[in-house]
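# Structural description and commentary
Chain by chain, the residues:
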Amino acid sequence: MWQLLGESLNSRLFLGTAQYPSPQVLSDAVTASGTDVITVSLRRQMQSSTGNGFWQQLKTLNKKILPNTAGCTSAKEAITTAQMARELFGTHWIKLEVIGDQHTLQPDPFELLTACRELIQQGFEVFPYCNDDLILCQRLVDAGCKVIMPWGAPIGSGRGLVNERALTLIRQRLPDINLVVDAGIGAPSHAARALELGYDAVLLNTAVANAGDPVAMAQAFKLATQAGRLAFMAGQMAQREMAVASTPVIGQPFWHQATVAAK
Amino acid sequence: MITILVNGKPEQIPAPENLQNFLQAWSGLPEHYAIAVNQQFVAKENYPQQAITAGDAIEILVAMQGG
């Protein structure tokens with residue numbers, strides 16, 4: 001159990017709800033993942049029906065909702081979307097995405113910070129999706145963010161923690177801030193590594209939704225985040241340049257001693 | 001009649017008094033939604049005060065899957 005913005009959470013895995021083969025697979029994957037927090041978006045209704053099956057599914061899943069501002073490219077768009085999300089979902093949590101480049105979906109740090117400042121003024125708890133620049137992360141904290149979500153790699157790329165040193169530095173320099181690796185995670189080992197580095201959680205979607213068996217992969221990520229956190233708490237051994245025998249040298253049989261003497 | 005944009009599509013409607021009147025007359029209204037007019041969020045309690053005039057762009061958004 002851990003605390004995030006006054007919420008008690010069991011899981012350190014935040015799961016996206018997009019791209020699943022079917023609504024049933026989504027529900028089964030959410031259950032298998034053990035997640036407490038799922039991400040959602042706002043879009044124009046595409047079908048002619050006035051019903052919204054996804055809305056009913058969210059009610060059934062009964063998880064903490066983290067709406068996003070995906071697709072926004074300016075602070076103004078993101079602020080409007082966040083305001084709409086707050087009313088629709090009844091939460092002041094917002095995953096703030098302001099995209100600066102359509103090829104890499106890299107966040108626009110300037111628009112992000114502008115939107116962040118305004119939304120915090122309006123009472124939101126902002127989860128900014130940002131790149132792994134320490135100074136940007138510090139500025140977001142200065143603006144009032146209690147959670148920072150640097151990317152591991154571009155959204156949907158599945159490349160893992162491309163710049164682990166930068167992520168490590170952010171963890172070291174912001175020891176009291178909740179850190180979540182958001183985007184780019186493709187395998188459970190990536191998630192475990194993020195938790196081993198001391199990150200508080202990971203947020204992912206495509207790695208589960210696009211897996212051959214999304215439900216099994218959701219469970220794999222559940223176990224990986226648990227293992228990563230346990231490893232972080234256990235304290236990893238210090239790395240060494242040279243080999244150090246783990247088996248005691250004292251009491252070696254005579255033929256080993258003869259080999260050493262011959263050298 | 002006036003022409004407005006609803007979720008990006010032009011629609012000709014009788015000039016409504018306000019957003020609330022428009023929504024009551026609009027057949028495609030989903031059960032759960034949030035609204036922006038001309039890229040500005042309009043809270044539900046402000047629908048009766050939100051004027052709708054020719055050329056306005058109304059966005060009616062619903063919950064959708066997201067990452």
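Each chain carries its own residue numbering, running from 1 in the direction its sequence is written. Each chain is given a letter, starting from A, and each ligand a number, starting from 1, according to the order in which they appear as written. Selection of residues for local features in this predicted model requires a pLDDT of at least 70, selection of side-chain atom pairs for listing and counting requires 80 or more, and totals for whole chains, interfaces and linings are taken over all residues. Only hydrogens and water are set aside when side-chain values are computed; all heavy atoms of the structure are taken into account.

## Thoughts on the UniProt feature "binding site: 1-deoxy-D-xylulose 5-phosphate" (unreviewed entry) in chain A
Residue and element names in this part refer to chain A. As annotated in UniProt, the feature "binding site: 1-deoxy-D-xylulose 5-phosphate" (unreviewed entry) corresponds to G156, A183, G184, N205 and T206 in the numbering used here. A maximum C-alpha distance of 9.3 Å among these annotated residues, which run over 51 residues, shows that they cluster at one spot. Along the chain, the position of G184 falls in the loop between β11 (178-182) and α7 (188-196). Within the secondary structure, T206 is located in helix α8 (residues 206-209). Side-chain polar atoms of T206 contact the side chain of Q19, separated by 3.4 Å. UniProt positions are given in the numbering used here, feature names are shortened, and annotations may be inferred rather than shown by experiment. Every helix listed is a DSSP run of H or I at least four residues long, and every strand listed is a run of E at least two residues long, numbered separately from the N terminus. As used in this structure description, the phrase polar contact means that two N or O atoms lie within 3.5 Å; if the pair is within protein, one of them must be able to donate a hydrogen and the other to accept it, and residues adjacent in sequence are counted only when both atoms belong to side chains.

## Brief notes about the state of the cysteines
All names here are of chain A. When two cysteine sulfur atoms are found within 2.5 Å, that pair is recorded as a disulfide. Applying the stated criterion across every chain, the model contains 0 disulfides over all chains. With no disulfide partner, C130 has as its closest neighbouring cysteine sulfur the one in C137, 3.9 Å distant. Note on C130: relative accessible area 0%, which makes it buried. A simple rule labels every residue: compare its accessible area, found with a 1.4 Å probe on the protein chains alone, to the largest value its type can have, and call it buried under 20%, exposed over 50%, or partly exposed in between.

## Here we look at helix α4 (residues 109-121) of chain A
Residues and elements named next belong to chain A. In a helix, the anticipated span is given by 1.5 Å times the number of residues less one. Along its 13 residues, α4 runs 18 Å from first to last C-alpha, staying within 8% of the 18 Å computed at 1.5 Å per residue. Within α4 the residues assigned to the buried category are L112, L113, A115, C116 and L119. The buried residues of α4 occupy an angular sector of 165° when the element is viewed end-on, so they sit on one face. The exposed residues of α4 that point more than 90 degrees off its buried face are F110 and Q121. Between two residues, a contact is recorded if the distance between any of their heavy atoms is within 4.5 Å. Packed against the buried residues of α4 are α3 (75-89), β6 (93-96), β9 (125-130) and α5 (134-143). A side-chain oxygen of the first residue of α4 lies 3.0 Å from the backbone nitrogen of F110; this N-cap is D108. Immediately downstream of α4, the backbone of G123 shows phi near 95°, a positive value. Directions drawn from the helix axis to the C-beta atoms are what define this arc.

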